[in-house]
Amino acid sequence: MRILLNFNYDRNQWLELLKPLFPSNEIHWLRYISKAEDQNAHLVNHHYHYWSEYFNAQGILCAINPDVIIIMDNKSPLSIALIYAAKKSKIPVYYLQHGVLASFKDYKILEGNLKKIDKNRIEKLSELKANAGFSTLSFFRNSLGSRFFNPKIFLYLFVAKKYGERTAAYLIKDKIRIPDKYLCFSKENAQLNIELDGDIENKIHIVGFPELEKIVTEYEKLANQSLDSDYWLHIDQPLSGGDLGEDFISHKEHHDIYLALSKKAAQHNCKLYVKLHPGSFANQNLPIDNNIIWLKEVGSLASLIKGAKICSGFYSSLLLCCIAFKPTLLYKIFDISWYKNMSKYSNVQIINDMKGLENLNTLPPNPSSSETSSFLKQNGYFENEYFEEKLIRNLNS
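Enquirer: Explain the overall build of the protein here, please?
Expert: A tally of regular secondary structure across the protein gives 17 helices and 13 strands. Looking at the protein as a whole, 52% of its 397 residues qualify as buried. As presented, the protein carries roughly 18,600 Å² of accessible surface, and 51% of it is formed by carbon and sulfur atoms.

Enquirer: Can you walk me through the environment of I153 in this structure?
Expert: Inspection of the secondary structure assignment puts I153 in helix α7 (residues 151-163). Each C-alpha atom, one on I153 and one on D174, is 8.7 Å from the other, the two residues being 21 residues apart in sequence. Residues contacting I153, with those up to four places away along its chain left out, are F140, L144, R147, F148, D174 and I176.

Enquirer: I'm lost on the packing of helix α2 (residues 57-64) against helix α3 (residues 77-88) in this one. Help?
Expert: Each packed pair of helices is defined by two parameters, the angle between the axes and the distance between the axes. At a closest axis distance of 8 Å, the pairing of α2 and α3 adopts a crossing angle of 60°. Our classification of the angle between α2 and α3 gives oblique. Handedness of the α2/α3 crossing: right-handed. Only A81, L82, A85 and A86 of α3 make contact with α2, whose side of the interface consists of A57, Q58, I60 and L61.

Enquirer: For this particular structure, what's the right way to read unusual backbone geometry?
Expert: Backbone geometry follows two general trends: most residues other than glycine have a negative phi, and most peptide bonds adopt the trans configuration. For N65, which is not glycine, the phi dihedral falls at a positive 55°. Take N65: it is sitting in the loop between α2 and β4 (68-71). Backbone geometry places N269, a non-glycine residue, at a positive phi of 60°. Checked against the element boundaries, N269 lands in the loop between α11 (251-267) and β9 (271-275).

Enquirer: Honestly, the sheet that holds β9 in this entry has me stumped. Any pointers?
Expert: Pairing between the strands of a sheet is mediated by backbone hydrogen bonds and can be parallel or antiparallel. The strand order across the open sheet formed by six strands is β10-β9-β8-β11-β12-β13, and the pairing between neighbours is parallel. Among the strands making up the open sheet, the edge pair consists of β10 (292-295) and β13 (348-351). Within this sheet the neighbouring strands show an average axis-to-axis angle of 20°, counted without direction. Both strand β12 (residues 328-331) and β13 contribute to a ladder of four bridges, which runs parallel. Across the sheet, residue L329 finds its bridge partner in β13, namely Q349. Against the sheet, α11 engages β8 (231-235), β9, β10, β11 (310-313) and β12, with an angle of about 140° to β9.

Enquirer: Hey, could you run me through the pattern of salt bridges in this one?
Expert: Opposite charge on two side chains permits pairing when their charged atoms draw close. For the coordinates displayed, the defined rule picks out eight salt bridges. A single salt-bridge network, built from bridges that share partners, covers K108, E111 and R166.

Enquirer: Sorry, what's going on with the side chain of H49 here?
Expert: Structurally, H49 can be placed in strand β3 (residues 47-50). Accessibility expressed as a relative area gives 13% for H49, which makes it buried. For H49, the side chain forms a polar contact with the side chain of H28, separated by 2.8 Å. Here Y54 takes part through its side chain, which lies 3.1 Å from a polar atom of the side chain of H49. Other than its neighbours up to four places away in sequence, H49 contacts H28, W29, L30, R31, Y32, Y54 and I64.

Procedures and definitions
- For every chain, the first residue of its written sequence is number 1, and the numbers climb from 1 along that sequence.
- Only residues with pLDDT of 70 or above have their local features reported here, since the model is predicted, and side-chain atom pairs are shown and tallied only from 80 upward, although totals for entire chains, interfaces and linings are computed over all residues.
- The side-chain values count all of the structure's non-hydrogen atoms but skip hydrogen atoms and water molecules.
- By the criteria applied, helices consist of DSSP H or I runs no shorter than four residues and strands consist of E runs no shorter than two, each listed in order from the N terminus.
- Using a 1.4 Å probe on the protein chains alone, a residue whose accessible area is under 20% of its type maximum counts as buried, one over 50% counts as exposed, and one in between counts as partly exposed.
- Accessible surface area values rest on a Shrake-Rupley calculation with a 1.4 Å probe, where residue burial reflects the displayed protein chains alone.
- Pairs of residues are marked as contacts when any of their non-hydrogen atoms sit within 4.5 Å.
- Axis definition: a line fitted to C-alpha atoms, over the contacting stretch in the case of helices. Angles run 0 to 180 degrees between N-to-C directions.
- What sets the label is the angle itself: under 35 degrees gives roughly parallel, over 145 gives roughly antiparallel, 65 to 115 gives roughly perpendicular, and the rest give oblique.
- By definition, turning the near helix anticlockwise from the far helix through less than a right angle yields a left-handed crossing, and turning it clockwise yields a right-handed one.
- Two strands pair under a simple rule: DSSP has to find at least two bridges between them.
- Whenever a carboxyl oxygen of Asp or Glu lies within 4 Å of a side-chain nitrogen of Lys or Arg, that contact is scored as a salt bridge.
- Residues adjacent in sequence count toward polar contacts only when both atoms are side-chain atoms; beyond that, a polar contact is any pair of N or O atoms within 3.5 Å, and within protein one must be able to donate a hydrogen and the other to accept it.

Okay, here's the thing in structure tokens:
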């Protein structure tokens, strides 16, 4: 089978989602506008393509001739063009779930709190596009042909440019961007796709959450091993900058949270281990604190979580793996529904602000085995009905 993957795989977690497909399939990647923009290592025997090499989406499909296309976005003009061309060529398109937030409202809250975009990064990308002689609008027009002049398309592009692609999708429903299947972690996560894309329930297939399933499987193998519990584990996010260009809080606010967590950990005779988000690996502006250990890539996340006395974080899919097994502190950055959903678990404590963190005296308890089992079932773990089996079964069906 020849598979075309239309998304960036900078994140190792995203690459893990697809590894079950690699051994027995021919893999093609469509990731960046031009080769000059692609700074990532290439996988051996994989094939790489760039938007600027083609006149339209039909040209991509003619060159690659894929049996199936897997996407992580169906809202950008480039992705819509690819989906449209695939439908005309009767090539199935599958949307692969990623991210932990499950509502349009939550995403709008995040966007509303986004203080700024990394202008240097945006300008660099614009320069690379210009050097490649590429125009997204022209490519989109060349791909859609006469359909491009549909008033709904013009309205979508206008709203997307002014308010963002997610808002445009929420306000303007159009079958042109709907894939054949949505491969989602859980029913709760799938709600975002329903909000944005409308009447698609019959296209949603629940395949489980691969990162959670992998860690659970490893965690079970460690059941009889005694690991160190002399550290707190903080699952970090690039809230004050990173390769995503996000700046939700200032560097000082972010540093203050690190230092307050470190102080609390020290009061319990523990180090603070901070698992950095890949978007922050290159961050040279981390605070100096002898009680903090900064972690980038780690050999076994399951071992890291099992050895922790307590976990903490903001909001992320990796935190689900912590909440399943450990007392967990969630530092509330925004008023998103995810915190309310997680607060119903007895081993989760919500920290509303810095004062709440500084005044923290009582830690949440460990979850019971029944609570762990219930949590896993509700958040995309299917008790050994592994993600890769369901993913491959969906692709072959």
